[in-house]
Amino acid sequence: MLPSTMLRKIISKQRRINLEAFAWDKDLRKSIFNIVFLDGNNKTTLGKIFKEGFNIGNCLLTSYYIATIFDNASICTGKVEILKNSKNSEDGSHVWIEVDNYIIDPTLMIKLPLDSYYAKFYNKQSTVTPLVSPYDYNYSIDIYAKKHDPQKYYFDLFDINKK
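Draft legend 1. Highlighting the side chain of T107. Relative to the helices and strands, T107 is located in the loop between β5 (102–105) and β6 (110–113). Classification of T107 by relative accessible area gives buried; the value is 6%. When sequence neighbours within four positions are dropped, the list of residues in contact with T107 reads S4, L7, N55, I56, C59 and H94.

In structure tokens:
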């Protein structure tokens, strides 16, 4: 099971909501997972990044890569109520994509209609235009952490506090 799927299930259970109904469909997932980029001297795909869980905590970066496959995507920043008190978002700060009246969340791997009940959890504060290319970023810190202390790495990904 992908780390994002596990996180989505944990949040669904703790918040008593059904995020599973909005999991990326096969076509969207395939399109996103097939995005190829250079990570240092290595060519990799977003699929590998998601399979390793490196998208969690890197919502700006993954949003930026995902936005490249859409014509009119906006990268949005704001607060997401259902992510508050999670390891990587104590205050609910998050980045996601809005395109064609949908929210595409790169952490939870969900696609929500903007007019849905669940979209109310996403409080957009601004849209951003990154000042650097996505190719200027890499996942080496996450790769190092997972390789050297995998138990801590996964614990940190799924540390969601009830408050």
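That was the structure; now back to the text.
Draft legend 2. Local environment of the nonpolar core. Counting 23 residues, the largest nonpolar core has W24, I32, F33, L46, F50 and I66 as the members making the most contacts within it. Secondary-structure elements contributing two or more residues to this core are α2 (26–33), α3 (46–52), α4 (59–67) and β4 (93–99). With six residues, α4 is the largest single contributor of residues to this core. Setting aside residues up to four positions removed in sequence, I32 forms contacts with W24, L46, F50, I66 and I69. In this structure, L7, I11, I56 and A119 belong to the second largest nonpolar core, which totals 19 residues.

Draft legend 3. Molecular detail of unusual backbone geometry. The phi angle at R16 is positive, at roughly 55°, despite the residue not being glycine. Note on placement: R16 falls in the loop between α1 (3–15) and α2. For R16, a relative accessible area of 77% translates into the label exposed.

Thresholds, definitions, all that
Residues numbered from 1 in each chain as written. Predicted model: local features only at pLDDT ≥ 70, side-chain atom pairs only at ≥ 80, totals over all residues. Heavy atoms only, no water. Helix = DSSP H or I, 4+ residues; strand = E, 2+ residues; numbered from the N terminus. Buried < 20%, exposed > 50% of the residue type's maximum accessible area, 1.4 Å probe, protein only. Contact = heavy atoms within 4.5 Å. Core = buried A, V, L, I, M, F, W, Y, C linked by side-chain atoms within 4.5 Å.

Keep in mind that these numbers describe shape and distance, not what the molecule does.
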